[in-house]
Amino acid sequence: MDWLRTLLSRCKAFLIRNKLDQELEEEFRSHLEFATEENRRRGMPEDDARQAAMRAFGGMTQIQERYRLRRGLPLLDTIAQDVRFAARQIRRAPGFAAVAIITLALGIGANTAVFTLTHALLLRTLPVRDPGELVRLAIDVSATETDGRNAPLNLPIIEAIEKRSRSFHGIFAWCVYDFPFKDGTVNSGIHGAIVSGNAFESLGVRPAAGRLLTPADDQPGGGPDGLAAVISHRIWVERYHADPSVIGRHITVTDHGATIVGVAPAGFEGVIVAEHPDIYLPIEFQAVLYGQPTKHDGGRLWLETFARLNPSVSRAQAAAEMNTLFPSILDATVPPALRHLPVIEKARFEVKPARTGWSKLRAQYTEPLLLLQIMVAAVLLICCANLSGLFLARASARRQEFAIREALGAGRLRLMAQLFVECLMLALPGALLGVWLAWMAGPWILHMLGNAEAEQAISMRPNLAVLSVTVACAVLCALLFGMAPAWTASHTSVDAALRNSHPRASTGGSGLRNFFVPFQVALSLTLVVVASLLGTTIARLLTEDSGYRTDNVVFILTDFLRVPEKGEALVALYHRMAARMEEFPGVDEASVAAQPPLMGGRWTDDFVAAENAQYARPAEAMENIIAAQYFSTLGISILSGRDLQNNDSDRNSCILSRAAARLYFPGVSALGKTLRNVIHHRDTGVATFHDYQIVGIAQDTKYDSLRESPPPIVYLPITSGEGWMTNAGATLFFIIHARSTAAANLAYLATLHEMAPSSPEIPPIEFSQSFRDSVARERLLSVMSGFFALLGLLLSCIGIYGLVAWNVARRTSEIGLRMALGATRMRVFALVMRQVIGLLAIGVLTGGIAAFFAARAIRGYLFEIRPGDPVIFALSALLLSFVGLLAATLPAHRAISIDPTQALKTE
Amino acid sequence: MGENKSDVLQGTLDLMVLKTLESMGPLHGYGIARRIEQVSDDTLSLNQGTIYPALLRLQQRGWIKSEWGTSENNRRAKYYSLSRIGKKQIDKETESWERVAATIARFLASSR
C-alpha cells in the first residue's frame, strides 16, 4: 500500500510542482530564520548567526535536488523538458520540420495503406472462441502444384466426414448468398449467408441480442420460430437503430417469410473475409428455395466448410487421416457420372488453418501484398535515410550547442535521449498525417482490387492493430534517422567544438552522409526497375489480343434451378430465350455458354482423334459448352466449316479451335473428322468414350487468362446433354452482343420475365470490365509500385539535393579561396559534381545488382518481358542518374555563384 | 562533515522523526531537526536539511501530515504531525528496530 500511496502522492506533486517548489523555498527560508534567531539569542552577531544557520542546514541546492527527485516524477520532468526543448528547436526551423513531417507522412502513409489492406485481407484473426483450432476443409483441384485452386464441399461430403473422421468436431458449412429482402416498406437486396445450424455454436460467438441459429433451426420445415434469421450488428444499428424489439420481427427473404431471432455480435463478419453477411439463414433455406435435392446434391461443390480440430490432433494428422478417407468419401457421395472426371480423380483433400478465416482473394493477393509491403518498406527506408541526412546536417550545425550542453554536464545518453525525443516529435505528427493519407487513399486502393464485393466489405478505416503498427513504424523511424546524428553528436569532443568557432568548418558525419545517398539511389533504382517491369506487363496484357470482342458484350449468369423445365426441355428453353433476345432492337447476337471467357473458370477434358485412338494417348484440352452464335457474339471467326446449330442434328457435333485441331490432327484437315472424349475410370481401369463430329474450326482465342497463349479448345453443344454441367445446366451464361449494355440488359430482363419468371434477376457483367478486372492484380501491382517508385525517386532527389547543398554551404570559404586563387567556375562546378557523380555511380551499380535479384523474384508476375530486360535496366539507370544530377545541379549552381570576397570575409 | 560523528541510516532518521512527533506533537522542520540533535547530544552528523527528504518520504507514505501554521514568535512555518497510520506505524517500526538492535548487540557481544 505504501508504494501506491507514494506513487499517488508523486503524481499529485508532479501536477502542482511549481506551487510545491515555492512552498519548499518558503519552508527552507523559515527554517533558516528559526535557526538564525536561535543563534542570535545565544549571542552571536547577526552575520555569524546567519552563516552558522546555513552551515548547519547543509548544501541547500543538493537537498533541494534530492527532495525534488523524490517528490514528483523526475523521468516525466526530464521528458517534459526534452519535449519543450525539442518544440523550441522545431519552431526555430519550421521549414526543416515541415520537410521532415511530410517526408515521413508519405513514407508512413504508404506503409499504413498497404498494411491496412494486408491486415484486413490476410492477418485479422476472427473474433471467435479459440480461433487457432479452426481449420478450413476443401478440395484441392489445382491443375499445377502452385496454382492453389480449391473447391468447397457439399452436404453429403460433410456428413461423410462427420461419420468417418475422428479429427474434427463442430464441422459447419457456410455459403454466401445475395437475397432480395423485404421488411415492411423496405425492399432491397441484402448480402447474406446460409450456414449450418451449429455454425455459431461451433464458432463460440454470443448474440448481441436474442439468440443465434441452432441445429434445431436447420431442419426441414423450419425450427421453433419457423424460418429463423439472424441479422448482423451493422444493420441492426443502421436499419433498426439497435431496437431490441426487432427480435421476433417478420421479414421476407426471397419471397419466403422468416423471423428475426437474434443479432450477431458487433465486429463479427462471418468467416469469409471480405464478405460481410447482413443476414444469416440456416442451410435448410437452400431446400426452401430450390427443393431438397439441391441441398443434398452430391454433384455440386458449394459449401465452404470449417471445423475445429479435436484436442491433441494436429493439422498434419487430420490431413493425413482425410487423405486416406477421401477416395471412399468421393465414392460414396459423388454421382457415378462425375466420379471419374479427371478433375475429381486428381483432387486432393485439404485441411488449412482458418484462424483468420478464408477468402478466395487470398490465393490471388497474398504474394502481391507481400511484394507491395516490401516496396513500401523500401520507401520508408529511403525516407529514413533522407531524414538521417537532414538531421546529420543539422547536428553538425548544432555542434557548438551540443558541446556547450556537454560542458555544462549533460551526459551523452541524455543528449541522445533529447535528440531522440526531437525525432519522435517529428515522427509522430508524420505518422498521424500518414494515417490520414492512407485513409484517404483507401477507397482508391480497394477499387483497384477489381472486386466489387471486397471493395464494399473491406474496411480501410485504421483500426487498433494498424495504428499500433503505424506508431511502431514511427518510433522505429525516429530511432533509425535519429541514431546517426545522435551518435555523432554524443561523440563530439567538447573542447574541439568549442574552440572551433566556425560551425561550417566541421566535418562530423560526412562519412555517414556519403553512405546515405548511394543507399537511397540503390533502393530507388530497384523500385524503378520493378515498377517499370510491372508497368510494361500491364501495358502488354491490356493490349494483348485475346481473340475476343470485348466492347458491348455482356455475360449474364442464369439461375434456373426453379424453372419447371429440366434436361432437354431446359436446353430448349435456353435456345428459345437466346433467339427471343435477338428479336429485341439493338441486340446483334445472343448465345449461351458454360464458361464465359477470361473469368478464371477452367474446364478441361481428355480427347483423342478417333482414327488414332488405337495408339495415340488422349491429350488434355480446354472445353466449353455453347449454343449457336457463340462465335459471332464474341467476334471469333470460323476459319472453316460452320457454326453449331441449336437442334438435335448437332447433338454430337463439335468445333475445335485451330490449336486444338493442330493438336489432335497434326498436318491434316480436322474438318469432318471424329474427336473422341475419353473418360478414364481410374479405379476400374476402364475407359468409356463419347465421339463428336468436327463441323468447324474456329480462330484461336485465350481461355481463362490473358497470360497464356491460346490453348487448344474444344467446343461442345449444350444439346450434347452433358449431364455434369453445373447444376444440371441450371447455371449457364447468356452472352449478348448489343448496341449498348443497356439494350442487352433490357432484352435479357424482358425475356426472363416472359419465359422464366420464377428465376431471379442477376446483374450483367460487362465483358470490357471483366476483361480489365482479369488483370486487376497486375493493375494493382503496377499502379502501386509505380507510385512507390516515383515517391522513392522524389525522396532520393531531396536527399541528393540536401547533401550537395550542405556540402556547398560547408565549403563556401574553401570554394571562395579557390576562386580567389584563380579556379574557373567550370572547375568549381566540376569539383562539386564530381562527388555526386561518384556517389550516384556507386548507388546505380549496387542498385542494379539489387534490382536484378528483385526482378528475378517477381518474374512470376511478368508478362512478355524478361526480368533482366536490358532496355528497362538501362532506362531506369539513366533516369535515376539524370534526376540525381538534376537535383545536384541546383546547389552546385549556387557554388559557382559564390562571391570570393564575400566568402572569405565571413571566415 | 565531522569525522567522528556517525552518519544516519535512512530508516533510523524516519523513526527518529516519528518518535519526535509522538513526544512533541506538531512541530516544524527546524524544531524536529533541533530536537533530534539535542536528544542525540549532537553525536549525529545531521545536516539539518536532510530532514526534509525524510519528511517528504514519510508524508508520501501517509504516516505524517503537514499544514502551514504560525509559530509562537509569529513566523509562518510548515507544521508536521503524526497521521492515524503514522501512529500505528510507530509501534511496528520501533519493534523492528529493536529487533535489529538486539541482533546487532548479540553480534557485538559474541565477538567480544
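On a predicted model such as this, the values are computed, not experimentally measured, just so you know.

### Here's the deal with the overall build of chain B
Check the secondary structure of chain B and you find four helices and three strands. Starting at the N terminus, the α and β elements of chain B follow one another as α-β-α-α-β-β-α. A burial count over chain B gives 31% of its 112 residues as buried. A fraction of 53% describes how many contacts in chain B between residues 6 or more apart in sequence connect residues 24 or more apart.

### Digging into the overall build of chain A
Scanning chain A for helices and strands turns up 31 helices and 22 strands. Relative to the globule expectation of 29 Å for 907 residues, the C-alpha radius of gyration of chain A, 37 Å, shows a markedly less compact shape. When its C-alpha atoms are laid out on the principal axes, chain A stretches across 130 × 80 × 55 Å. With 907 residues in all, chain A has 42% of them scored as buried. Summarising the internal contacts of chain A: among those between residues at least 6 apart in sequence, 81% fall at separations of at least 24.

### Things to note about the nonpolar core
Generally speaking, a soluble globular protein has its nonpolar side chains buried in company with each other. Residues and elements named next belong to chain A. Residues Leu104, Trp174, Val195, Ala229, Val379 and Val529 are the most contacted members of the largest nonpolar core, which totals 186 residues. For this core, the element with the highest residue contribution is helix H15 (residues 360-397), accounting for 20 residues. Those residues in contact with valine 195, other than ones at most four positions away along the chain, are Phe172, Ala173, Trp174, Leu213, Tyr280, Pro282 and Ile283. Among the nonpolar cores identified, the runner-up in size contains 63 residues, and Leu570, Ala627, Ala659 and Tyr692 belong to it.

### What to know about the confidence of the model for chain A
When pLDDT is averaged along chain A, the result is 86, and 95% of the positions lie at 70 or above. The low-confidence segment residues 503-508 of chain A (pLDDT under 50) makes 14 contacts with residues lying over four places distant or belonging to another chain.

### Observations regarding the domain arrangement of chain A
Structurally, chain A comprises domain 1 (2-72), domain 2 (74-124 + 363-506), domain 3 (131-316 + 335-355), domain 4 (509-545 + 770-907) and domain 5 (553-769). Domain 3 of chain A and domain 5 of chain A are separated by 32 Å when their C-alpha centres are compared.

### Examining the environment of leucine 803 of chain A
Residues and elements named next belong to chain A. Its place among the elements puts leucine 803 in helix H27 (residues 776-810). A tally of 27 C-beta atoms within 10 Å means that leucine 803 is categorised as buried. Residues leucine 803 and alanine 354, 449 residues apart in the sequence, show an inter-C-alpha distance of 50 Å.

### Points about the sheet that holds strand S3 (residues 76-82) of chain B
Residue and element names in this part refer to chain B. Pairing in this open sheet of three strands is antiparallel, and the strands run S1-S3-S2 from one edge to the other. Both outer strands of the open sheet, strand S1 (27-28) and strand S2 (64-70), are each paired with one neighbouring strand and no more. In the sheet, S1 pairs with S3 via two bridges, with the strands oriented antiparallel. Within S3, the position partnered with histidine 28 by the bridge is tyrosine 79. Strands in contact with helix H3 (residues 51-61) are S2 and S3; relative to S2, the strand with the most contacts, it is inclined by about 120 degrees.

### What about the pairing of strand S4 (residues 186-195) of chain A?
Residues and elements named next belong to chain A. Two elements, strand S3 (residues 168-183) and S4, share ten bridges in a ladder whose sense is antiparallel. Residue pairing for S4: lysine 182 is matched across the bridge by asparagine 187. Counted along the chain from S3 to the antiparallel partner S4, the turn is two residues long, and its residue glycine 184 has a positive phi close to 60 degrees. Of the pairings in the sheet, the one linking S4 to strand S9 (residues 279-282) comprises four bridges and is parallel in character. Bridge pairing in S9 links alanine 193 to tyrosine 280.

### Section: the interface of chain A and chain B
Contacts between the two partners involve 20 residues from chain A, matched on the other side by 17 residues from chain B. Here the residues of the side of chain A that touches chain B are counted per class, giving seven nonpolar, five polar and eight charged.

### Looking at the confidence of the model for chain B
Residues and elements named next belong to chain B. Summarising the model, chain B shows a mean pLDDT of 82, and 88% of its residues fall at 70 or more. Residue range residues 1-6 is modelled with pLDDT below 50. Its contacts to residues more than four positions away, or to other chains, number eight contacts. Here the predicted complex carries an ipTM of 0.86, next to a pTM of 0.78.

### Quick notes on the environment of alanine 750 of chain A
Residues and elements named next belong to chain A. Structurally, alanine 750 is set in helix H25 (residues 741-755). By the C-beta count within 10 Å, which is 14 here, alanine 750 ends up partly exposed. Along the sequence, alanine 750 and isoleucine 283 sit 467 residues apart, while their C-alpha atoms lie 32 Å from each other.

### Topic: H15 of chain A
Since there are 3.6 residues in each turn of an α-helix, residues three or four apart along the chain are aligned in direction. Relative to the 56 Å expected for 38 residues at 1.5 Å per residue, H15 of chain A spans 56 Å between its end C-alpha atoms, a close match to the ideal helical length. The largest bend in H15 of chain A amounts to roughly 45 degrees and is located at threonine 366 of chain A, with the proline proline 368 of chain A lying one to four residues further along.

### Quick notes on the packing of H27 of chain A against helix H30 (residues 870-896) of chain A
Residues and elements named next belong to chain A. Between H27 and H30, the shortest axis-to-axis distance is 8 Å and the interhelical angle comes to 25 degrees. For the element pair H27 / H30, the angle class is roughly parallel. For the element pair H27 and H30, the recorded crossing hand is right-handed. Contacts between H27 and H30 involve Leu793, Ser796, Cys797, Ile800, Tyr801, Val804, Ala805 and Val808 from the first element and Val883, Gly884, Ala887, Ala888, Leu890, Pro891, Ala892, Arg894 and Ala895 from the second. Among the residues forming the contact of H27 with H30, the class breakdown is 14 nonpolar, two polar and one charged.

### What to know about the packing of H15 of chain A against H27 of chain A
All names here are of chain A. Remark: H15 packs on H27, axes separated minimally by 9 Å, with the N-to-C direction vectors making an angle of 10 degrees. On the basis of the axis angle, H15 is roughly parallel to H27. Across the contact of H15 with H27, the residue classes break down as 22 nonpolar, eight polar and one charged.

### Some remarks on unusual backbone geometry
Residue and element names in this part refer to chain A. Of note, the phi angle at aspartate 130 is positive, near 40 degrees, even though the residue is not glycine. When the 11 C-beta atoms within 10 Å are taken as the criterion, aspartate 130 is described as exposed. For glutamate 864, which is not glycine, the phi torsion reads 50 degrees and is therefore positive. Mapped onto the elements, glutamate 864 comes out in the loop between helix H29 (825-857) and H30. For glutamate 864, a count of 11 C-beta atoms within 10 Å puts it in the exposed group.

### Some details on helix H4 (residues 60-71) of chain A
Across its twelve residues, H4 of chain A extends 16 Å between first and last C-alpha, which sits within 8% of the 16 Å expected from 1.5 Å per residue. For H4 of chain A, the complete set of buried residues consists of Ile63, Tyr67 and Arg71 of chain A. Down the axis of H4 of chain A, the sector holding all buried residues measures 65 degrees, keeping them to one side. Every exposed residue of H4 of chain A that faces more than 90 degrees away from the buried side is listed here: Thr61, Gln62, Glu65 and Leu69 of chain A. Contacts made by the buried residues of H4 of chain A are with helix H1 (2-15) and helix H2 (17-41) of chain A together with H3 of chain B.

Basis of the calculations
- Each chain has its residues counted from 1, following the order in which its sequence is written.
- Naming scheme: in the order in which they are written, chains are lettered from A and ligands are numbered from 1.
- Side-chain atom pairs in this predicted model are given and counted only at pLDDT of 80 or more, local residue features only at pLDDT of at least 70, and totals for whole chains, interfaces and linings cover all residues.
- Comment: elements are numbered from the N terminus, with helices defined as DSSP H or I runs of at least four residues and strands as E runs of at least two.
- Exposure in this text rests on C-beta crowding, where 20 or more other C-beta atoms within 10 Å of a residue's own make it buried, 12 or fewer make it exposed, and counts in between make it partly exposed. The C-beta atoms are placed from the backbone.
- Here the contact rule is simple: place C-beta atoms from the backbone, and any two residues whose C-beta atoms are within 7 Å are in contact.
- Here the radius of gyration uses the C-alpha set of atoms, whereas the globule reference equals 2.2 Å times the residue count to the power 0.38.
- One nonpolar core equals one set of buried Ala, Val, Leu, Ile, Met, Phe, Trp, Tyr and Cys residues connected by C-beta atoms within 7 Å.
- Looking at any residue, its pLDDT shows the predictor's confidence there, from 0 to 100.
- Throughout, the edges of the domains are those of an automatic or database domain assignment.
- For two strands to pair, DSSP has to find at least two bridges joining them.
- For helices, the fitted line uses only the C-alpha atoms of the stretch in contact; every axis is such a line through C-alpha atoms, and the angle between N-to-C directions lies from 0 to 180 degrees.
- Under this grouping Gly is polar, as are all residues other than the nonpolar Ala, Val, Leu, Ile, Met, Phe, Trp, Tyr, Cys and Pro and the charged Asp, Glu, Lys and Arg.
- Here the expected span of a helix is defined as 1.5 Å times the quantity of residues minus one.
- Two axes enter the bend calculation: one fitted to the seven residues ending at the residue in question, the other to the seven starting there, and the bend is the angle between them.
- In these notes the angle categories are as follows: under 35 degrees is roughly parallel, over 145 is roughly antiparallel, 65 to 115 is roughly perpendicular, and the rest is oblique.
- Crossing handedness follows the turn of the near helix against the far one: under a right angle anticlockwise gives a left-handed crossing, and clockwise gives a right-handed one.
- By arc we mean the arc of the directions from the helix axis to the C-beta atoms, nothing more.

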